[in-house]
Structure formats: C-alpha cells, structure tokens
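Here is how the chains run, residue by residue.
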Amino acid sequence: MANEHLDFEARRKLAHILLTFWPILFVFLGFSRSEELAIYTAYLAFMLSSEFLRIRYDYNTPTAILLRSVSRSTINGNIKKRWKKVRIPYWIIGSLFAMALFGPQIIIASTACLTFGDSVSGMTKALLQRRRSALGIFLGILASMIITYALTGAALIAVFSSVIGMMGDASNIVNDNLSIPVLGALGAYLGSIV
C-alpha cells in the first residue's frame, strides 16, 4: 500500500510540474509580457471551460482525465462524492499575478517555488506519510533556491523567493497553488530591492 501511495504521489507531482513550469519556458523563449499574459489567460480560460463542461455536462474533458488520474479523491476512494466540486486552477492565477507585475527573474523565482519547491515538499511529505512536514518545507525551500539561483544567478532573489514562497506551503489558509507563486514573486521582489 505504501508503494502504491508513493507511485500515486509521484504521478501527481509529475502532473504538477507539467502543468506549472510554463512561465519559466516563456522567459527562456523570450516571450514578451503581453504574449505571456495572453497565453496564460487562454490557459486559464481553457481549464475553466474544461471544468464547466466536466461538471455541467459530465464530458470527459482534460480536467476530468486529470481528476481521475491524479486527484487525491481517487486514491481516497471518494471521487464520486467530490466529482461535482469545481477545481479552480489556482496555479494559473498565482502565476498570472507574477507575470502581470514583475520581470523575468521574479517570474522564474515564483515559478521555481511553485513547480519544484512545492513538488519536492509534497514528495517528502508523502515519503514521511505526513500532511505537514518541516523537513518537506525545508527541502522545498532548498530545491527552489538552487533552481532559481541556477536559472537567474541572483542569490538574494533565490533566497527571499524560496523562503517566503514556501511559506505558502506551510500555511493552510489559502490554497498553496495560489499562495506559493504569489508569495514567491513578492519574496523575489523583496530580494531584488535589498
């Protein structure tokens, strides 16, 4: 059972990485801010439309496929009970915040926290079989710090974005897929002006 749970969490985190890394790619491909915002706004519209069609008409949409394959409701056995719950793509909203207000280094830092820091933290929690873990958060900070520094060469941005961004993973007040990129962007901005 433990191996099945770890395999499931690994699939969830791979899906998380594939769904969230795009802003880093946009920066390295040299997209303008307006291009980034247009693409990510279209991504948001696509995901919301997919959710509308899944819930309203029970279509086999991309979000339906995602839910069946990587939702915790599947492994917990309550997918039928939670099937009609709208899944808001918080990661897109949080990343749009970073893209709308900040430049490339901050977008990279914010995305590294969400994509890699959150994934490392989540896998650590799965390995420890805990919903909360200081070690998971620490390793998430470390992973996002290393990746941010490797991609930007900006040490203070890497440190501030990682520490502040991963506090979104520690908080239970707001969905971490929204709070991590927003806090990561604000932390990176703070690191850029220190």
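Parameters and conventions
- Residues numbered from 1 in each chain as written.
- Predicted model: local features only at pLDDT ≥ 70, side-chain atom pairs only at ≥ 80, totals over all residues.
- Heavy atoms only, no water.
- Axes fitted to C-alpha atoms, helices over the stretch in contact; angles between N-to-C directions.
- Helix = DSSP H or I, 4+ residues; strand = E, 2+ residues; numbered from the N terminus.
- Parallel < 35°, antiparallel > 145°, perpendicular 65-115°, else oblique.
- Left-handed = near helix turned anticlockwise from the far one by under 90°.
- Contact = heavy atoms within 4.5 Å.
- Core = buried A, V, L, I, M, F, W, Y, C linked by side-chain atoms within 4.5 Å.
- Buried < 20%, exposed > 50% of the residue type's maximum accessible area, 1.4 Å probe, protein only.
- Polar contact = N/O pair within 3.5 Å; in protein donor to acceptor, adjacent residues only side chain to side chain.

Some details on the packing of helix 7 (residues 90–101) against helix 8 (residues 104–128)
Running from N to C, helix 7 and helix 8 cross one another at 160°; their axes reach a closest spacing of 9 Å. One finds that helix 7 runs roughly antiparallel with respect to helix 8. With respect to the hand of their crossing, helix 7 and helix 8 are arranged in right-handed fashion. Mapping the contact onto sequence places Trp91, Ser95, Ala98 and Met99 in helix 7 and Ile107, Ser110 and Leu114 in helix 8.

Quick word on the nonpolar core
Among the nonpolar cores identified, the biggest contains 18 residues, and Tyr40, Tyr43, Trp91 and Ile92 are the most heavily contacted of them. Contributing elements (two or more residues each) for this core: helix 2 (22–28), helix 3 (33–57), helix 7, helix 8 and helix 9 (134–152). Beyond its immediate sequence surroundings of up to four residues, Tyr43 is in contact with Leu19, Trp22, Trp91 and Ile92. Counting eight residues, the second largest nonpolar core, distinct from the first, contains Ala98, Phe102, Ala109 and Ala185.

Here we look at the side chain of Ser161
Here Ser161 is to be found in helix 10 (residues 155–170). In terms of polar contacts, Ser161 uses its side chain to reach the backbone carbonyl oxygen of Ala158, at 3.4 Å. The residues contacting Ser161, other than those within four sequence positions of it, are Ala109, Cys113, Thr148, Met166, Gly184, Gly187 and Ala188.

Structural notes on unusual backbone geometry
In this structure, Asp58 takes a positive phi of about 60° despite not being glycine. Relative to the assigned elements, Asp58 resides in the loop between helix 3 and helix 4 (62–70). The phi angle at Gln129 is positive, at roughly 55°, despite the residue not being glycine. Structurally, the position occupied by Gln129 is in the loop between helix 8 and helix 9.

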